[in-house]
Amino acid sequence: MSDTHAQTVAYVRDTMTDQREPPLSQSGAYKWVHENMLSTPLNVILTVASLWVIWVVLSHVMPWAIFGIWDATSLSECRAIRDEIYGADASVACWAVISERWPQLLFGFYPPEMYWRPVLAFVLFLAAIAPILFNSLPRKMLWLTAAAPFVMFWLIWGGTIWGPICIALGFVIGWAAVHFAGPRIGALGSILLAVVLPVLYWLVIAGPLASGLSTILPIGLEQVASRDMGGFMLALIIGIAGIVLSLPLGIVLALGRQSDLFLINKVSVIFIEVIRGVPLIVWLFTASLLLNYFLPPGTNFDLMLRVIIMVTLFSSAYIAEVVRGGLAALHKGQYEAADALGLDYWKSMRLVVLPQALKISIPGIVNTFIGLFKDTTLVVFIGLLDPIGLSNAIRASTQWNGIYWELFVFIGLCFFIFCFSMGRYSLFLEKKLRREHR
Amino acid sequence: MTTMTDPPGQGFRLSQLIYDTRYRSLTIQIVAMILLMLLVSWLVANTITNLHALGKDFDFGFLAQPSGYDINQRLIEYDSQSTHGRAAVVGILNTLLVAFLGCALATVLGVIAGVLRLSNNWLVSRLMAVYVEGFRNVPLLLWIVLIFALMTESTPAPSAFRGDTPTASMLLDGVAVTNRGVYIPAIHFASPFFESGMYNWLIVLIAFAASVFAVRRLGVWAAARQEATGDRPTTWYLTLGILVLPVAILFVLMGAFLDLPALKGFNFQGGVHLRGSLIALWLALSLYTGAFIAEIVRGGILAISKGQSEAAFALGLRPGTTMNLVILPQALRVIIPPLTSQYLNLTKNSSLAIAVGYMDARSTLGGITINQTGRELEGMLLLGLFYLVLSLAISAVMNVYNNSVKLKER
Amino acid sequence: MQNQATGTVDRSHMQVSDEIAIQITKMNKWYGSFHVLRDIDLTVHRGERIVIAGPSGSGKSTMIRCINRLEEHQAGKIIVDGTELGSDLKNIDKIRSEVGMVFQHFNLFPHLTILENCTLAPIWVRKVPKKEAEATAMHFLEKVKIPEQAHKYPGQLSGGQQQRVAIARSLCMKPRIMLFDEPTSALDPEMIKEVLDTMVSLAEEGMTMLCVTHEMGFAQAVANRVIFMDAGQIVEQNEPNAFFNNPQHERTKLFLSQILGH
């Protein structure tokens, strides 16, 4: 080593070397193909095998899909057209079933002249979650978020406008109880008041008030029954309602599972594990077969409402686990700082812990929603018309008897587009959060 | 630990129930307990009233009554004279069967797809991405229905195999894919040790388990030799021999022969008949869950930082050794918890058997039995309990495995 | 480390009164069976600046965390401003709102702006009107010399700035006692001084301070008493000059030689 040092001669560069292009074998398409597809014998085999798979799939599917027939009123007409153009041996899709029945797949038996109502409701929903997802939007938009559930309910089911308004009034009463009576009677008392007053109001006053108002000022939309709703609209209603309604319960369960109080902790754990240990389909059958057993005699409500209740309970257990993850990801110092400032448990949860934990949980909540949205197809087994149920119904009709793949492809594509984009969004959020956390 | 904080001379005040940390938690829990009891008793009271109004009671006696329905797919003896209880057991075994098959195939598919997705072959990794995203983002039910439709609509009828110029032919002369299911060869014994086929297979299974155990001992021995001498003895041919020979000898002793399915009359006879419902459910569950497992495997391998493999390469370990000794032990720790929940999901999703008419626990105990006896409450309760116990059991087994992986890591 | 402390400190205002701010008698604490704090006796007068030093694991952080009940003590007595710290929640809340605490890792609330961090507790605990709380917050932010950052989020600030905000946040509750739990040990060297300066100016105003720190320069310049802890007990306490120049206990000598003699 010392030799080399001794022989080193002082050197000063006199001209700087310019940047040069890499040799041809190290750049461009040649390099890319070589590195990515043909670098080793195994790689060559894999490439060939992949090309073969792609060829087999595409050579079967593409002609079938591309030469498909869009204009027909029944499968037999489709076949007649096919025989005429391509001959009887050709295998081509009959997309006509989609072009004829797509509104049904999207909306079920919702009256076609009122399609604008669910569409508007959905747009409203997007507007309502925007201020939650994007902090840059003005905080005033949260009022829209608060009002959205009632307006959406009214738009979709119709009926008098006073019903949702009177129900919303109950929440206003609860808020007023906390806000105005709170300072005088303390936190515990005001919370009690905020629960008791609205419940009393809903039980006693809301009904007569709504019917009274609707006789005086009959503003309303035509009513649509739950059984007319189906297709992707139904899947969205159940999925969105399930997730939104399950959030409060899920948060409470997550806090319960973190609690030091033995009983609260154990009850939360048992609830979560029982719900998660049993398949959704069993819970749906429970909703359709058993829910009436557990409620006072004579209570009888809509199957769709029962499903929404059950789905809410179901997803609350999953949301609870997501939120628990968010709570666990929070630094212990945050809890300590809140304590040290003198905030009590609920205040520190509300002001410090939950805002952060929920933000961390949003990707998980979105993923739960994707799962739930896919699972809404299971309602077909208890007699609701989800997209797959509708495809069965369409197949049962005389015109379209025997048609399978076109319907499956359409339904699958719709689900794919929706779930894939949501999944990408949640991935993007996760990455963004990780960046911010660093 | 002594308590000290009460100022002397001050007795117990009622406000301490809320404002004293020693009593506060007790107070809250008692209040919660009372509320919970109220809720439960309200539900129970409603149920009792409702049952009474319907003239029903709460009784599990129906399980001992004859069921009066047939089950086409069964692992144990069963006919329509058997009890509802036995029907439930048949269904439970069917659930376990498809769940087990599904978990096994999903793991294989998932690991292959996950590893291939990380391949530096652009085409393969893209193809796997399409598989993963395609299956993950479409409801499982659609896949089940679709694959079942493929099985029934796009496969030839048994009659297509007949005649001098059949339109369909059997694969390797032993497998027939028809719209009534798949027929595969069965192994029968010419000179069995026992009357009942089950015991013969049990012997084979025991022999195989012993072989596996012996192979593990061999591995331990090889490791000991390596520690003592520095050279690891070559054991692959011993491993192969130990695994194959005992079972092969048993087969020869019992005179095993292949029973090939053959077309007789309108249907295939002989061999093993796998119903379309089982296959469709099995494939759909495996493909769907495999897509999720692929992501887990990929995430697990990616989670092991690049630095780990670089460090191993820098020490002169070869890629294979690096994978076995450095990457996998760490990746498994990341992979196993989410893998467990995928197994749980698959097991629970097997209840979608309803879509193809596969007779699982939900279809027997939670379906036909309930319809015939009107025992919704009892039936659903037992069904829920079954799934709960199954979920807990899978979690427990995977936890044990997870702990063993963790121990290895230290 | 010495040279980082502020050289000249005006001690003329730092009057120690006879009034007792904190009285700890025979306090003991266990983590499971591990005896972390053993028979701690400590009296702090109003206006005292106490620096607590000691090797890691000696229980110094645990001790000051007991003073606002972030940790529960299991035996003995802690009286803060005449209020006994026990299992009574009302007392705990009262003490916490009168004792400010600054943490090693700042523990600012990342989802709130600097201003909101400072006004959160006054608004929700002290029930101060928002306008007033913001005015107070701006006053203290000016004092720690970062009023211009008021509408930024903690993540946009440097460590030193964050720690100064944390001090301002505590001050907004108008505490009578301030606890510092290694306020500078998570900071880059060049940021330590700005935080120490803030603490010095706080001391000059006569704030009662208990400070766990390794900044011996700060101790010499500001403290009127240095406490050395080891193995869960107070080993030695003295006024800074005597403590540094003439330590009595063997443990103290060893510790001082280790941290000063490099």
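Residues numbered from 1 in each chain as written. Chains lettered and ligands numbered in written order. Predicted model: local features only at pLDDT ≥ 70, side-chain atom pairs only at ≥ 80, totals over all residues. Heavy atoms only, no water.

Draft legend 1. Summary view of the overall build of chain A. Within chain A, the secondary structure is distributed over 16 helices and two strands. For a compact globule of 438 residues, the expected C-alpha radius of gyration is about 22 Å, and chain A comes in at 30 Å, more than 25% above that figure. For the C-alpha atoms alone, the extent of chain A along its principal axes is close to 95 × 80 × 40 Å. A burial count over chain A gives 43% of its 438 residues as buried. In chain A, once contacts between residues fewer than 6 apart in sequence are set aside, the share between residues at least 24 apart is 74%. Per element, the accessible surface of chain A, about 23800 Å² overall, is 70% carbon and sulfur. Taken together, the 28 basic and 26 acidic charged side chains of chain A have centroids lying 10 Å from each other. (Helix = DSSP H or I, 4+ residues; strand = E, 2+ residues; numbered from the N terminus. Rg over C-alpha atoms; globule rule 2.2 N^0.38 Å. Buried < 20%, exposed > 50% of the residue type's maximum accessible area, 1.4 Å probe, protein only. Contact = heavy atoms within 4.5 Å. Areas by Shrake-Rupley, 256 points an atom, 1.4 Å probe, with all protein chains shown as cover. Lys, Arg positive; Asp, Glu negative; His and termini not counted. Charge placed at Lys NZ, Arg CZ, Asp CG, Glu CD.)

Draft legend 2. Just the confidence of the model for chain C, in detail. Residues and elements named next belong to chain C. For chain C, the average pLDDT comes to 86, and 94% of its residues sit at 70 or higher. The low-confidence segment residues 1–6 (pLDDT under 50) makes 15 contacts with residues lying over four places distant or belonging to another chain. Here the predicted complex carries an ipTM of 0.85, next to a pTM of 0.84. (pLDDT = per-residue confidence, 0-100.)

Draft legend 3. A look at a nonpolar patch on the surface. Residue and element names in this part refer to chain A. Where nonpolar side chains cluster on the molecular surface, the patch consists of Trp52, Val53, Val57, Leu58, Val61, Met62, Ile66, Phe67, Ile85 and Tyr86 and spans about 940 Å² of accessible area. It is helix α3 (residues 41–66) that provides the largest number of residues to the nonpolar patch, a total of seven residues. Within the fold, Trp52 resides in helix α3. (Patch = residues over 30% accessible without salt bridge, like charges linked within 9 Å, V, L, I, M, F, W, Y side chains within 5 Å. Salt bridge = Lys/Arg side-chain N within 4 Å of Asp/Glu carboxyl O.)

Draft legend 4. Representation of the interface of chain C and chain B within the structure. At the junction of the two partners, chain C supplies 14 residues and chain B supplies ten residues. Across the chain C to chain B interface the summed buried area is about 1000 Å²; carbon plus sulfur atoms make up 58%. When the buried area of chain C at its contact with chain B is split by residue, C:Gln74, C:Ser87 and C:Leu89 rank highest and sum to 46% of it. If you look at where chain C meets chain B, you find zero salt bridges. Counting residues per element, the ones that place at least two in the side of chain C that touches chain B are β4 (75–80) and α2 (89–98) of chain C. It is α2(C) that provides the largest number of residues to the side of chain C that touches chain B, a total of three residues. (Buried area = accessible area lost by both parts, 1.4 Å probe.)

Draft legend 5. Summary view of the packing of aromatic side chains. Residues and elements named next belong to chain A. On inspection of all chains with the given rule, the structure shows 28 aromatic pairs over all chains. Centre to centre, the rings of Tyr404 and Phe408 are 6.2 Å apart; their planes meet at 50 degrees, and the pair counts as tilted. Each member of the pair, Tyr404 together with Phe408, is buried. Every member of this aromatic cluster is reached through a ring pair, and the members are Phe232, Phe369, Phe373, Phe415 and Phe418. (Phe/Tyr/Trp six-rings, centres within 6.5 Å; stacked < 30°, edge-to-face > 60°.)

Draft legend 6. Examining helix α5 (residues 159–171) of chain C more closely. In a regular helix each residue adds 1.5 Å, so 13 residues correspond to 18 Å; α5(C) covers 18 Å between its end C-alpha atoms and thus fits that length. Summarising burial for α5(C): 13 of the 13 residues are buried, a large majority. (Expected span 1.5 Å × (residues − 1).)

Draft legend 7. Local environment of the sheet that holds strand β8 (residues 208–212) of chain C. Residues and elements named next belong to chain C. As summarised here, the arrangement of the six strands in space is β6-β7-β8-β3-β9-β10, forming an open sheet in which the pairing is mixed. With partners counted over all chains shown, the strands left at the sheet margins are β6 (99–102) and β10 (233–238), one partner each. If you compare each strand with its neighbour and ignore which way they point, the axes differ by 20 degrees on average. The sheet contact formed by β6 and strand β7 (residues 177–181) spans four bridges and is parallel. Note that in β7 the partner of Gly100 across the bridge is Met178. Against the sheet, helix α1 (residues 60–67) touches β3 (49–53), β6, β7, β8 and β9 (225–230), its axis set at about 150 degrees to β7. (Pairing = 2+ DSSP bridges. Axes fitted to C-alpha atoms, helices over the stretch in contact; angles between N-to-C directions.)

Draft legend 8. Summary view of the state of the cysteines. Residue and element names in this part refer to chain A. Enumeration over the complete set of coordinates arrives at one disulfide over all chains. Residue pairing for Cys78: its cysteine sulfur links by disulfide to Cys94, the two sulfurs lying 1.8 Å apart. On the sign convention where negative is left-handed, the bridge of Cys78 and Cys94, at about 85 degrees about the S-S bond, is right-handed. Separated by 16 residues along the polypeptide, Cys78 in helix α4 (residues 75–85) and Cys94 in the loop between α4 and α5 (96–107) bring together distant segments of the chain. The pair Cys78 / Cys94 is uniform in exposure class, with both members buried. Between Cys419, a free cysteine, and Cys414, which holds the nearest cysteine sulfur, the sulfur-to-sulfur gap is 11 Å. We classify Cys419 as buried; its relative accessible area is 0%. (Disulfide = S-S within 2.5 Å.)

Draft legend 9. Structural context of the side chain of C:Asp230. Topologically, C:Asp230 is positioned in strand β9. The exposure class assigned to C:Asp230 is buried, which follows from its relative accessible area of 16%.

Draft legend 10. Seen up close, the interface of chain A and chain B. Listed per partner, the contact involves 51 residues of chain A and 53 residues of chain B. Taken over both partners, the interface formed by chain A and chain B buries close to 4600 Å², and the fraction arising from carbon and sulfur atoms is 75%. In this structure, A:Arg424 and B:Glu133 form a salt bridge, with 3.0 Å as the shortest nitrogen-oxygen distance. Viewed at the interface, chain B and chain A are joined by 17 residue pairs in polar contact (both at pLDDT 80 or more). Considering only residue class, the side of chain A that touches chain B consists of 37 nonpolar, nine polar and five charged. (Polar contact = N/O pair within 3.5 Å; in protein donor to acceptor, adjacent residues only side chain to side chain. Nonpolar A, V, L, I, M, F, W, Y, C, P; charged D, E, K, R; others polar.)

Draft legend 11. Up close: the packing of helix α9 (residues 231–258) of chain A against helix α12 (residues 303–329) of chain A. All names here are of chain A. As a packed pair, α9 and α12 sit with axes 4 Å apart at the nearest point and diverge in direction by 45 degrees. Taken together, the axes of α9 and α12 are oblique relative to one another. By crossing handedness, the relation of α9 to α12 is classed as right-handed. Among the residues making up the contact of α9 with α12, the classes are represented as 22 nonpolar, seven polar and three charged. (Parallel < 35°, antiparallel > 145°, perpendicular 65-115°, else oblique. Left-handed = near helix turned anticlockwise from the far one by under 90°.)

Draft legend 12. A look at the packing of helix α4 (residues 122–136) of chain B against helix α8 (residues 276–303) of chain B. Residue and element names in this part refer to chain B. Two numbers describe how α4 lies on α8: the axes approach to 8 Å, and their chain directions differ by 120 degrees. When the axis of α4 is compared with that of α8, the two are oblique. Here α4 and α8 pass one another in a crossing that is left-handed. Across the interface between the two elements, Tyr131, Val132, Phe135 and Arg136 from α4 touch Ser286, Leu287, Tyr288, Gly290, Ala291, Phe292, Ala294 and Glu295 from α8. Here the contact of α4 with α8 is built from residues that sort into eight nonpolar, two polar and two charged.

Draft legend 13. Spatial organisation of unusual backbone geometry. Residue and element names in this part refer to chain C. For Asp81, which is not glycine, the phi torsion reads 50 degrees and is therefore positive. Take Asp81: it is sitting in the loop between β4 and β5 (83–84). One non-glycine residue, Asn107, lies in positive phi territory at about 55 degrees. A relative accessible area of 7% means that Asn107 is categorised as buried.

Draft legend 14. Spotlight on the sheet that holds strand β2 (residues 181–184) of chain B. Residue and element names in this part refer to chain B. Strand order in the open sheet made by the three strands is β1-β2-β7, with antiparallel pairing throughout. If you trace the sheet from one side to the other, it starts and ends with β1 (176–178) and β7 (272–274), each paired once. With direction set aside, neighbouring strand axes in the sheet form an average angle of 20 degrees. Relative to β2, β1 is paired through three bridges, and the arrangement is antiparallel.

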